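Descriptive structure summary
What follows is each chain in one-letter form.
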Amino acid sequence: MEHEITLVVNGTARRARVPGRRLLSDCLRHDLGLTGTHVGCEHGVCGCCTVLLDGEPVRSCLTLAVTVDGREITTVEGLAGPEGLSPVQRAFEECHALQCGFCTPGFLCTVTALLRDNPAPAEDEVLEGISGNLCRCTGYQNIVKAVHRAAELLAEERQPSTGEAP
């Protein structure tokens, strides 16, 4: 049996007709054409499939699409704004926090939520915050640097502009 669902994905209402057992990751990738969400282990261990569901990180490979009918989902494609890359994306680029890039979408969504909840995390809080995401290439040093850099960029955005040139 198929179900008609409506998801608000990256700010846009999207409808899909899915079987009751369709995973959110498969719905995003195959039914909606949003291939930025990667599927690694399909057991919820690696974090590659992490998306934001109503702002909270979830494993889309463990979530049935029908259970999120009517809810808001942000994928990696929705992190950038009209002015370009998000501060988290810019920090990952600046700090060379990726190599093959397969895990990057999950890290970006995870770190976006982490810094929303904790704008200035200590080192141990960063390590705990990203502990559910696996990377087989980088050794994590540059990912940790990128989280701290993203926190700096976000803090700069929150600073009121004086309108004066330095």
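Residues numbered from 1 in each chain as written. Predicted model: local features only at pLDDT ≥ 70, side-chain atom pairs only at ≥ 80, totals over all residues. Heavy atoms only, no water.

Some remarks on the pattern of salt bridges
Test applied: Any Lys or Arg side-chain nitrogen found within 4 Å of a carboxyl oxygen on Asp or Glu counts as a salt bridge. The numbering of helices and of strands both runs from the N terminus, where a helix is a DSSP run of H or I of at least 4 residues and a strand a run of E of at least 2. Summary of the burial criterion: residues with accessible area below 20% of their type's maximum are buried, those above 50% are exposed, and those between are partly exposed, where the area comes from a 1.4 Å probe applied to protein chains only.
Under the criterion given, the structure shown has eleven salt bridges. Put simply, Glu4 and Arg15 hold a salt bridge, and the shortest N to O gap is 3.2 Å. Of the two residues, Glu4 is situated in strand E1 (residues 2–9) and Arg15 in strand E2 (residues 12–19); the sequence distance between them amounts to eleven residues. A residue is classified by how much of its surface remains accessible, and Arg15, at 58% relative accessible area, is exposed. Between Asp31 and Arg22 there is a salt bridge, with the nearest N and O atoms lying 2.8 Å from each other. Three or more residues are tied together by salt bridges with common partners; here these are Glu2, Glu4, Arg15 and Arg17.

Examining the domain arrangement of the protein chain
Stated precisely, the cut-off is as follows: Start and end points for every domain follow an automatic or database-based domain assignment. Throughout, the accessible surface (probe 1.4 Å) given up by two parts as they are put together, summed over both, is called the buried area. As used in this structure description, the phrase polar contact means that two N or O atoms lie within 3.5 Å; if the pair is within protein, one of them must be able to donate a hydrogen and the other to accept it, and residues adjacent in sequence are counted only when both atoms belong to side chains.
What the domain assignment reports for the protein chain is domain 1 (2–78) and domain 2 (87–158). Taking only C-alpha atoms into account, the centre of domain 1 sits 22 Å from that of domain 2. It is His38, Cys48 and Val76 in domain 1 that bury the most area against domain 2; as a group they hold 37% of the surface buried on that side. Between the two partners, domain 1 and domain 2, sit one salt bridge. Note that Glu56 is salt-bridged to Arg116, the shortest N-O span being 3.0 Å. Counting across the domain 1 and domain 2 interface gives six residue pairs in polar contact (both at pLDDT 80 or more). Listing elements by their share of the side of domain 1 that touches domain 2, those giving two or more residues are strand E3 (50–53) and strand E4 (56–59).

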